[in-house]
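Chain by chain, the residues:
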Amino acid sequence: PVFASFRQIFGPAVYSLYYPDSEASQRAVVERTCRGTVTNTVRVAEVAGAVAGFVAFTLDQETRIGEVLLLAVHPDYQNHGVGTALNAHALAEMKAAGMNLAQLLTGADPGHAPARRSYEKAGYTALPIVLYYQELQDP
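Since we're looking at a predicted model, the values are computed, not measured.

A count of helical and extended segments in the protein gives five helices and four strands. On the principal axes, the C-alpha backbone points of the protein span a range of 50 × 40 × 30 Å. For the protein, buried positions account for 27% of its 139 residues. In the protein, the share of contacts with a sequence separation of at least 24, taken over all contacts with a separation of at least 6, comes to 48%. Charge-centre separation for the protein: the mean point of 10 positive side chains lies 6 Å from the mean point of 13 negative side chains.

What follows is the structure in structure tokens.
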């Protein structure tokens, strides 16, 4: 739903410039983030032995800011508390690691509405930011 929402907002021209292959680019982001680096922590939620979701986050010891990079819940397990549990777990790990602040970035589009509800439920405060795009090529 996120990419369909972006396509509707951007229009086909800008969308195709920014996301020439949205499925492949999203897969690459998830794989790169979840491979686990020295700075990324990934936690997986399982329900009855099946992967229900995951959260990936970083801990910046210098700034004392923990950042959620990705949080995803399989559609079959959405609205069953998995996202809430993943949020709570990530925040607890951040706090235990001495972080003073947690942050994340998500979309304001309709496709990200469930994510925003989950983050607000976890206690995050949203900062309204507007990001603009404009096609520069002749159509």
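Having seen it, we continue.
Okay, the packing of aromatic side chains next. Within the structure shown, the criterion is met by two aromatic pairs. A centroid spacing of 5.9 Å and a plane angle of 75° characterise the contact between tyrosine 119 and tyrosine 124, whose relative ring orientation is edge-to-face. Assigned by exposure class, tyrosine 119 and tyrosine 124 land together as buried.

Before going further, it helps to examine the nonpolar core. Ranked by internal contacts, the top residues of the largest apolar core, which has 14 residues, are Val55, Val68, Leu71, Val82 and Leu86. The leading source of residues in this core is helix H4 (residues 82-96), at four residues. Ignoring anything within four residues of it in the chain, the contact list for valine 68 reads Val55, Ala56, Phe57, Met94, Gln103, Leu104 and Tyr124.

Another point: a nonpolar patch on the surface. A cluster of nonpolar residues, Tyr18, Leu131 and Tyr133, forms a patch on the protein surface that exposes about 330 Å² of accessible area. Note on placement: tyrosine 18 falls in helix H2 (residues 12-18).

On to the sheet that holds strand E4 (residues 101-104), then. Within a sheet, adjacent strands bond to each other through the backbone by hydrogen bonds, running parallel or antiparallel. One open sheet accounts for four strands, arranged E1-E2-E3-E4; its pairing is mixed. Each having just a single partner strand, strand E1 (40-47) and E4 make up the two edges of the open sheet. Each strand of the sheet is rotated relative to its neighbour by a mean of 25°, with strand direction disregarded. Looking at chain direction, strand E3 (residues 65-73) and E4 are connected through four bridges and run parallel. Within E4, the position partnered with valine 68 by the bridge is leucine 104.

Parameters at a glance
Residues numbered from 1 in each chain as written. Predicted model: local features only at pLDDT ≥ 70, side-chain atom pairs only at ≥ 80, totals over all residues. Heavy atoms only, no water. Helix = DSSP H or I, 4+ residues; strand = E, 2+ residues; numbered from the N terminus. Buried < 20%, exposed > 50% of the residue type's maximum accessible area, 1.4 Å probe, protein only. Contact = heavy atoms within 4.5 Å. Lys, Arg positive; Asp, Glu negative; His and termini not counted. Charge placed at Lys NZ, Arg CZ, Asp CG, Glu CD. Phe/Tyr/Trp six-rings, centres within 6.5 Å; stacked < 30°, edge-to-face > 60°. Core = buried A, V, L, I, M, F, W, Y, C linked by side-chain atoms within 4.5 Å. Patch = residues over 30% accessible without salt bridge, like charges linked within 9 Å, V, L, I, M, F, W, Y side chains within 5 Å. Areas by Shrake-Rupley, 256 points an atom, 1.4 Å probe, with all protein chains shown as cover. Salt bridge = Lys/Arg side-chain N within 4 Å of Asp/Glu carboxyl O. Pairing = 2+ DSSP bridges. Axes fitted to C-alpha atoms, helices over the stretch in contact; angles between N-to-C directions.

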